[in-house]
Amino acid sequence: MCGIVGIIEKNSSVSPLIHEALKRLEYRGYDSAGIATIHQNSICIKKDKGKIDEIHQKLDLDSLPGRIGIGHTRWATHGLPSKINAHPHLDCTKKIAVVHNGIIENFLELREDLERRHRFESETDTEVIPHLIEEIILKTRCDLYTATRKALQKIRGTYAIVVIYVEEPNVLVCARNESPLVIGIGKNANYCASDITALLPFTKKIALLNDGEIAAINYDKIHVETINGEVVVKPEIYDISWSPEMAQKGGYPHFMLKEIHEQPHALTGTLLIRPEIIDQVARALNDSKKLYITAAGTSNHAGLAGKYMFSKLSALQSQAIISSEFQESTTNLIDQDTTILAISQSGETADTLNAVRFAKNNGAKIISVTNVMGSTISRLSDLTLYTQAGPEIGVAATKTFIVQLASLALISLQIAEIRGVLESREVDQLREGLMQTPKIVEKTLKKEESLVRDIAYEYAYKPNFLFLGRGISTTTAMEGSLKLKEIAYIHSEAYPAGESKHGPIALIEPGFPVVFITPPDETHEKIIGNIMEVKARGAKIISIAEQNDHDIKKLSDKIISIPPTPTPFSPITYIVPLQLLAYYIATKRGFDPDKPRNLAKSVTVL
Ligand code: M6R
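Residues numbered from 1 in each chain as written. Predicted model: local features only at pLDDT ≥ 70, side-chain atom pairs only at ≥ 80, totals over all residues. Heavy atoms only, no water.

**Some details on the sheet that holds strand β24 (residues 540-546)**
Here is step 1: Sheet architecture is open: five strands sit in the order β22-β21-β23-β24-β25, paired in parallel fashion. The open sheet has two edge strands with one neighbour each: β22 (491-496) and β25 (558-562). The average angle at which neighbouring strand axes cross in this sheet is 15°, direction not considered.
Here is step 2: Here β24 runs beside β25; their pairing, made up of five bridges, is parallel. When the bridges of β25 are listed, E546 appears paired with I562. (Pairing = 2+ DSSP bridges. Helix = DSSP H or I, 4+ residues; strand = E, 2+ residues; numbered from the N terminus. Axes fitted to C-alpha atoms, helices over the stretch in contact; angles between N-to-C directions.)

**What to know about helix α7 (residues 263-271)**
Here is step 1: Within α7, burial applies to Q263, P264, A266, L267, T270 and L271. Buried residues of α7 fall within an arc of 165° about the axis and therefore sit on the same side.
Here is step 2: Contact partners of the buried residues in α7: α6 (255-261), α13 (399-419), α14 (424-435), α15 (437-459) and α19 (570-588). (Buried < 20%, exposed > 50% of the residue type's maximum accessible area, 1.4 Å probe, protein only. Arc of directions from axis to C-beta. Contact = heavy atoms within 4.5 Å.)

**Some thoughts on the packing of aromatic side chains**
Here is step 1: Under the definition given, this model contains seven aromatic pairs.
Here is step 2: Ring geometry for Y583 versus Y584: centroids 4.9 Å apart, planes at 80°, classification edge-to-face. Residue Y583 shares its accessibility class with Y584, and that shared class is buried.
Here is step 3: Put simply, the rings of Y292, F326 and F358 pair up and form one aromatic cluster.
Here is step 4: It is K307 that lies over the ring of Y308; its NZ or CZ is 5.8 Å from the centre.
Here is step 5: Between the NZ or CZ atom of R597 and the centre of the ring of Y489, over which it lies, the distance is 3.8 Å. (Phe/Tyr/Trp six-rings, centres within 6.5 Å; stacked < 30°, edge-to-face > 60°. Lys NZ or Arg CZ within 6 Å of the ring centre and 35° of its normal.)

**Side note on the nonpolar core**
Here is step 1: Ranked by size, the top nonpolar core spans 77 residues in total, and within it L285, F310, L341, I411, F465, F569 and I585 carry the most contacts.
Here is step 2: In terms of residue count, α19 provides more of this core than any other element does, twelve residues in total.
Here is step 3: The residue makeup of this core includes at least three contributed by each of domain 2 (249-435) and domain 3 (447-593).
Here is step 4: In contact with I411, not counting residues within four places along its chain, are I278, V281, A282, L285, F310 and L385.
Here is step 5: With 35 residues, the next largest nonpolar core counts L25, C44, Y191 and F255 among its residues. (Core = buried A, V, L, I, M, F, W, Y, C linked by side-chain atoms within 4.5 Å. Domains from an automatic or database assignment.)

**Structural notes on the site of the ligand**
Here is step 1: Close contacts around the ligand come from 14 residues, with S299, S344, S346, T349 and E486 the closest.
Here is step 2: T298 has a polar backbone atom sitting 3.0 Å from an oxygen atom of the ligand.
Here is step 3: Within the contact set of the ligand, an oxygen atom lies 2.4 Å away from a side-chain nitrogen or oxygen of T349.
Here is step 4: Burial of the ligand by the protein amounts to 92% of the accessible area it has alone, namely 410 Å².
Here is step 5: Taken atom by atom, the bulk of the ligand overlaps the largest pocket.
Here is step 6: At the level of secondary structure, the elements contributing two or more residues to the shell around the ligand comprise α9 (297-314) and α16 (473-488).
Here is step 7: It is α9 that contributes the most residues to the shell around the ligand, three residues altogether.
Here is step 8: When grouped by side-chain class, the residues that make up the shell around the ligand number five nonpolar, seven polar and two charged. (Near = heavy atom within 4 Å. Polar contact = N/O pair within 3.5 Å; in protein donor to acceptor, adjacent residues only side chain to side chain. Areas by Shrake-Rupley, 256 points an atom, 1.4 Å probe, with all protein chains shown as cover. 1 Å grid on protein atoms, 1.4 Å probe; cavity = no way out; pocket = protein on both sides within 12 Å on 5 of 7 lines; lining within 4 Å. Sits in = over half its atoms within 2 Å of the grid points. Nonpolar A, V, L, I, M, F, W, Y, C, P; charged D, E, K, R; others polar.)

**Some remarks on the sheet that holds strand β17 (residues 319-322)**
Here is step 1: One open sheet accounts for five strands, arranged β17-β16-β18-β19-β20; its pairing is parallel. This sheet does not close on itself; its edge strands, each paired only once, are β17 and β20 (383-386). The average angle at which neighbouring strand axes cross in this sheet is 20°, direction not considered.
Here is step 2: Note that strand β18 (residues 338-344) and strand β19 (residues 365-370) share six bridges and pair parallel.

**Details of the environment of D382**
Here is step 1: Position of D382 among the secondary structure elements: in the loop between α12 (376-380) and β20.
Here is step 2: Sequence-wise, D382 and I43 are 339 residues apart; in three dimensions their C-alpha atoms are separated by 44 Å.
Here is step 3: Sequence-distant contacts of D382, that is, excluding residues within four places in its chain, are made with A364, K365 and I366.
Here is step 4: Engagement of the side chain of D382 in a polar contact is seen with the backbone nitrogen of I366, the distance being 2.7 Å.

**Concerning the environment of I222**
Here is step 1: Structurally, I222 can be placed in strand β13 (residues 222-226).
Here is step 2: With relative accessibility at 28%, the residue I222 sits in the partly exposed group.
Here is step 3: Not counting the four nearest positions on each side in its chain, I222 is found in contact with I183, I185, N190, A216 and I217.

This is the structure we're talking about:
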C-alpha cells in the first residue's frame, strides 16, 4: 500500500505541503515516513520509523528547504519498519531520491547484479530503482526522464514511483503500473500523489495517469508518455468536487466516527444517482448470461448482500466470489457471455483488479461500483457506477459499505422492473422505503448510540464474539464481525445462524457474547430457535432488532432497536449499531480505529 507524493513549486518551499499531503495519505500505511527535497545542489532528507506526527515532532519535517520534493508513508512489505527501510531511498551518489508504492517482483535478481557495483543500505525492493537509474545515467549520460523510463523497462511488478535528481532540480519524474498515482495541476505548481484526497488542499484539477505511463512534471507543464516510449499521451483532466474539509475530522475524535455519522448524507447522495445510470447498469446485468460479483473485505460483504437482493427482488442469478479466489474458482468459466460486477470503494484493491483483469482478458464485460472517480477499476470497466460517499479516510470501511448496498438495492429494483418480476406498484413502494433509509440511519444514530456505547464498554474485554444472522442478515453479521476484528483486535466469527449448530455452537460457554441480527423478514421465526439454542448454553444475547420486537426482546440480554426498514434492505440500517459497537470497543481498549495495526486502507498487493 504506502502513500507517495511529489510536489514542485515555482516560488515556495515544498516540505510543509508534502507533510500535509502525507498526513492525508497516512491511512495507506503508517509504520514509517520520510521526505526528500533538493536544495543547493544536494538532496536533503528526513525519515524515520513511526507515524508522521511522531516523526515530525522529532525531526521537524517542515524545515527541509527546497522547491521540489517527494514524500512517502509506508506499509512495510520488504524489510521491517525501520529508519533505514523508510523511503525515500537514494542511489550511491546521493543525488537521486525515489519513493515507491508497490512490489518489484524481480528485485532479488536486479539487486544481486547491482550489488556488484552499488552499495545498498536497506532491505527494500525499492532501493534497486535509484541504483538502476544512477547506472543508466552514468553509462548513457541521458536525462532523468529517459533513465527512469529505461530503468522501469527492466522492472517487473507493481509500482507508482516519484523520482528527483539533484542535477535536474526542475523536474519530478513519476510513473505507474498497477499502483495508483494521480497528477494535480496547480498555479505555478504541480503535484502527484497516490490519491486525490492528498492533493485537495492544493488543487481540484486532476490528471489521471494510466498503467504503463510516465510523466515529467515541471511547475508549469506536464508531459506524459508510455513507459515503452511509443506514444505521447494527452491525459484526461477532471475537476474534482470533493472539498479539503471532507477529508478532515470535523470535530470528531476519529475519522471512523465522523464517517459513521456521515452515513445519512452519503446515502442520500447515492440514492439520488441519476436513474439513467442505474438503468444502464441494470440492463447490462440483466443482459448477462453469467453474472459474477467480485470484491474484497467489506465490499465483498456488500457484494454478497447484492446477490441476495438480485435473487429475491429481481429473480436474477448471480454468484459472488471473493476477489482473491476469483481466478481459481472460475477457471474455464469466463467467456464473452460473462459479466462481472466488481465492487471496490477505492477502485485500487489489487485482488479485485486482478480478478477484473483476468475476466476481461477472457472476454467478460466489466461493470464496477466504486467511490473514487478515475480509479483504476473504473478505467478497466465498460461501465462504472460511482457511489457518493465522499472521501473515506478511516481504514475501516463504513459509509462506503452502506452506499454500496444502496446502489445494489437501486440496481436490483430496476432489474426487477425491467424483468417484470415485481409489479410497478411494489417497486415504487420498495423504492419509497429505500428512500427512507437515510432518515432511519439518522434516527438510529441519535437514539441508540449511547446504548451501543454502554454495551461496548460492558463487553469490551470479552476475548471472543460470535455474530449470527440468516438470509441477507448473514452478510450484516459478517461485516459486523470484520469491523470488530480489524479495529478492536477481538477474535470474532460470523456464521449463518442455522449453521451454528453444525460446529460453532461448541464454542459457547456461559457469558459468551453472541450478536444476532434479526430483522422481521422470512428468517425471523427460525432465528428465534437459534437464539434459544445458544441461550440454553449460557450465551449473552445482544440483538439488533426492529423496534417493538417483543419476541426478540424477551430472549435478549441487550437489544438495539432499528426503525422499520424494507426487509431486503435491512443490512443498510442494521449494520450501523455494529459499526458503533466495534468503534466503542476499540476506543475503550485504547486502540486507534483509524489506523488499525497491520492494515492499510487500500490494499494494492496481491
Ligand atoms: O477499496 P476496496 O473496497 O476494494 O477495499 C476492500 C477491502 O480491502 C476493504 O473493504 C477492507 O476489508 C476494509 N478494511 C474493511 O473495513
